[in-house]
Amino acid sequence: MANGTDVDIRVDIDGIVVPASLSGAIDVLLDGQRVWSFNPDRDGTGTNGRRTVAWPKVLRRHLDGVSEVSLVDHVSRAVLATRTARFGGGSERVRVVDAEGNPLAVDKGGRLQRDFSNTEDSARDEIMDALEQVMHDLTEKCGLQTYLMYGCLLGAVRNGHMIGHDSDADVAYLSAYTHPFDIIRECTTAIRTMKSLGWKVVKMSGANFKVWVPLPDGRRCGIDVFGSFHIGDSFYVTGSLTGTLDRSALLPFGTVTLEGREITAPAKPEEVLAFTYGPGWRVPNPAFHFDHDPMDVARMDAWFRAPRRRLRFWHDFYKSPDAARVPTEPSAFAVWAHERMAASGEAEGHVLDVGSGNGRDAAYFAARGHRVTALDFTTLGLKQTKALREKAPGQVHVRSMNLEDLRSVLVTGARFAHRDGIRQVYARGLLDTLGPSGRDNLWRFASMVQRRGGETYLEFRTPRSLREHKHFGVHQRTYVDPETVVREVAAYGGTVVHRETGRDLARLGSENPHIARIVVRWTP
Amino acid sequence: MNNLIARLRRSPGDEHPHHGLAARVTALEAAVEENRRLNQRLADVVDVVTELLVPALDRDDAKVAEALANLNKTLNEPDTAAG
């Protein structure tokens, strides 16, 4: 059903099939709203003169109903093809919007975001005000050499405006240091200073952070602040930009014009843009992805991102339809643990549910009269059991703790350890998701908070479950040998007081994994 | 770490030469990654000690509590809303 267009395409729920001759950045519009851009050469698969480009996962979730799908050449704005497509069983128009009805598009990080092309002119002024104020505070209050970077620099040099398909404003600072340890400390100090000035700041790694700025229309804009530094002969910009760039390309700073304002920029913006985006940086390309060398990404991961390496996975999981497949009734382990607690006179004692997930067991303990603290690094999953928890006679406090982050563990652990009383530590399925460093931090945390008594309840899949069918399919999982757990616990001064392994302990749908249950005491 | 060093020190002649080299590179990569991660861990420890040491020595409980709260504020609070 072509609408008078030239390019032969096919659109269905799996993706878009285009001729192999199609190239460059292609915008995808649903009923006139840009929702995504792709590059057939890079994103497509297939031979015989056709390429299939799969819908991004985040977008596919919205595809239920009818829509007019248009492909538009991003540079020439020529409409290449338009088709009416029907997805799933729905008869309504497909809508890719947020809870407030604002249009969303897939950004270069693969997430659905609102972008500047949907931003009113007045909001653009507000964003620019915020950008200038953030740059001022970073420079004057934090003492950082701050300059415009990434998409904002690109837009400024190309045509003096922010790039429509971008959803964040980007600035960078040139670190005074040349060692990761000093660079991390410099960034921590800057975050602390910015927070003390009243900014809402989220740490994104050991060397970059985001400042959230509320906009007058109720939306908010993120200003990303990236650390950049020379180590040895290489120049690095967080995320993972790595290469050779002389300091003379950056200093002394000059200015560029963005939305009519003079903004601090590198001495040679063109050199910095070529370093960032490659020699083709002048040609607009919303489908652009960084193609970093995996070695460079691994280096930056280890330096700055180790504490967050599992966070995004779980954040995305609890935003995905899979989250609804996590049961909300209590696990068999929670029932078993409660009975053991009751038998030892702790029927209503304080339970720290570490890695509480959707809070199903936290809700159960609260229903049994326990005071519960639900700890997790993403608390998104807890929304599912909010009603259950509110009905329970016991109270559930929710706190964020990241077991991959030593500081989070030390600070949270110290606060519990300082309080009087005894508390139980409950961790079901947690060891399945932690790496060795996270496990190490769990032992540190449990031994701190149970220095006056209590027991640590652990349930996890053993390596015998490794290649078996899983309720949730492919997932980030660790299969710890119970012997390893016993050895590590002993090294931290703990004693295993109960241990069993077997099946039929933790059925999940059609999955019946081989499970270990271990109970540890940290006091004699 | 001790295991890694032991593996690195093992004579390459103990194993098939190519297998030995690949295993040593893998062990080296793991050791390098572990060392890189120490920067963040050490920075965290130094930050916690620096913030707490003076009020702790002063035995000023209010300041210790305030320092802990401030440390919490700089944590990696994920951008999520609890229900």
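The shown structure was predicted, so the numbers you read here are calculated from the model rather than taken from an experiment.

Here is what the cut-offs are and how they apply
- Residues numbered from 1 in each chain as written.
- Chains lettered and ligands numbered in written order.
- Predicted model: local features only at pLDDT ≥ 70, side-chain atom pairs only at ≥ 80, totals over all residues.
- pLDDT = per-residue confidence, 0-100.
- Helix = DSSP H or I, 4+ residues; strand = E, 2+ residues; numbered from the N terminus.
- Contact = placed C-beta atoms within 7 Å.
- Expected span 1.5 Å × (residues − 1).
- Buried ≥ 20, exposed ≤ 12 C-beta atoms within 10 Å, placed from the backbone.
- Domains from an automatic or database assignment.
- Nonpolar A, V, L, I, M, F, W, Y, C, P; charged D, E, K, R; others polar.
- Pairing = 2+ DSSP bridges.
- Axes fitted to C-alpha atoms, helices over the stretch in contact; angles between N-to-C directions.
- Core = buried A, V, L, I, M, F, W, Y, C linked by C-beta atoms within 7 Å.
- Left-handed = near helix turned anticlockwise from the far one by under 90°.

### Re the confidence of the model for chain B
Residues and elements named next belong to chain B.
Thinking step 1. Averaged over all residues, the pLDDT of chain B equals 76, while 65% of them reach at least 70.
Thinking step 2. At the low end of the mean pLDDT range in chain B sits helix α1 (residues 2–9), at 61; at the high end sits helix α2 (residues 17–57), at 87.
Thinking step 3. In the model, residues 78–83 has pLDDT below 50 throughout and makes 16 contacts with residues more than four positions away in sequence or in other chains.
Thinking step 4. Model confidence for the complex: the whole-complex pTM is 0.78, and ipTM, which rates the interface, is 0.74.

### Quick word on helix α13 (residues 436–449) of chain A
Residue and element names in this part refer to chain A.
Thinking step 1. Taking 1.5 Å as the rise per residue, α13 with 14 residues should run 20 Å; its terminal C-alpha atoms sit 20 Å apart, in good agreement.
Thinking step 2. Considered for burial, the residues of α13 that qualify are G438, N441, L442, W443, F445, A446, S447 and V449.
Thinking step 3. Looking at the buried positions of α13, the neighbouring elements they touch are β19 (350–354), α12 (406–418), β22 (423–428), β23 (455–461) and α14 (482–491).

### Topic: the domain arrangement of chain A
All names here are of chain A.
Thinking step 1. We note that the domain assignment places domain 1 (10–113), domain 2 (119–305) and domain 3 (311–521) within chain A.
Thinking step 2. Taking only C-alpha atoms into account, the centre of domain 1 sits 29 Å from that of domain 2.
Thinking step 3. The partner domain 2 presents 10 residues to the 12 residues of domain 1 that form the contact.
Thinking step 4. In the side of domain 1 that touches domain 2, the residues fall into 4 nonpolar, 5 polar and 3 charged.

### Brief notes about helix α4 (residues 150–159) of chain A
Residues and elements named next belong to chain A.
Thinking step 1. Of all 10 residues making up α4, 7 are buried, and the element is well covered by its neighbours.
Thinking step 2. Three or more residues of α4 are buried, namely Y150, G151, C152, L153, L154, G155 and A156.
Thinking step 3. Buried residues in α4 make contact with β10 (145–148), β11 (168–174), β17 (254–258), β18 (261–265) and α6 (269–277).
Thinking step 4. Positive backbone phi, at 80°, marks G160, one or two positions downstream of α4.

### Re the sheet that holds strand β6 (residues 65–73) of chain A
All names here are of chain A.
Thinking step 1. A sheet is described by the order of its strands in space; here 4 strands give the open sequence β4-β3-β6-β7, paired in antiparallel fashion. A strand with exactly one partner marks an edge of an open sheet, and here the two such strands are β4 (33–38) and β7 (79–87). Strand-to-strand, the axes of this sheet are offset by a mean angle of 25°, without reference to chain direction.
Thinking step 2. The pairing of strand β3 (residues 26–30) with β4 spans 5 bridges and is antiparallel. Across the sheet, L30 pairs through a bridge with Q33, a residue of β4.

### Comments concerning the interface of chain A and chain B
Thinking step 1. With 38 residues of chain A at the contact, the number on the chain B side is 25 residues.
Thinking step 2. Element by element, the count of residues in the side of chain A that touches chain B is highest for helix α5 (residues 180–196) of chain A, at 8 residues.
Thinking step 3. Taken together, the residues of the side of chain A that touches chain B sort by class into 19 nonpolar, 8 polar and 11 charged.

### Details of the nonpolar core
All names here are of chain A.
Thinking step 1. The biggest cluster of nonpolar side chains holds 54 residues, and the ones touching the most others in it are L148, M149, C152, L153, V171 and I223.
Thinking step 2. Not counting chain neighbours up to four residues away, the residues in contact with V171 comprise V134, M135, T146, Y147, L148, M149, I223 and V225.
Thinking step 3. Counting residues in hydrophobic clusters, the runner-up holds 53 residues, among them L375, V398, V411 and I515.

### Overview of the sheet that holds strand β2 (residues 15–19) of chain A
Residue and element names in this part refer to chain A.
Thinking step 1. Spatial ordering of the open sheet is given by β1-β2-β5, a layout of 3 strands whose pairing is antiparallel. A single partner strand is all that each edge strand has here, and the edge strands are β1 (10–11) and β5 (50–54).
Thinking step 2. For β1 and β2, the ladder comprises 2 bridges, and the chain directions are antiparallel. If you follow V11 over to β2, its bridge partner there is I16.

### Some remarks on the environment of I183(A)
Thinking step 1. Take I183(A): it is sitting in helix α5.
Thinking step 2. Sequence separation of I183(A) and W303(A) is 120 residues, and the distance between their C-alpha atoms is 9.9 Å.

### A word on the pairing of β17(A)
Residues in a regular strand point their side chains to alternate faces of the sheet.
Thinking step 1. As paired strands, β17(A) and β18(A) are joined by 5 bridges and run antiparallel to one another. Looking at β18(A), one finds that G254(A) is bridged to A265(A).

### Topic: the packing of α12(A) against helix α3 (residues 61–73) of chain B
Thinking step 1. The geometry of α12(A) relative to α3(B) is characterised by a closest axis approach of 10 Å and an angle of 145° between their N-to-C directions. For the element pair α12(A) and α3(B), the recorded crossing hand is left-handed. Residues R407(A), V411(A), A414(A) and R415(A) of α12(A) pack against L68(B), L71(B) and N72(B) of α3(B).
Thinking step 2. Its residues placed into classes, the contact of α12(A) with α3(B) shows 4 nonpolar, 1 polar and 2 charged.

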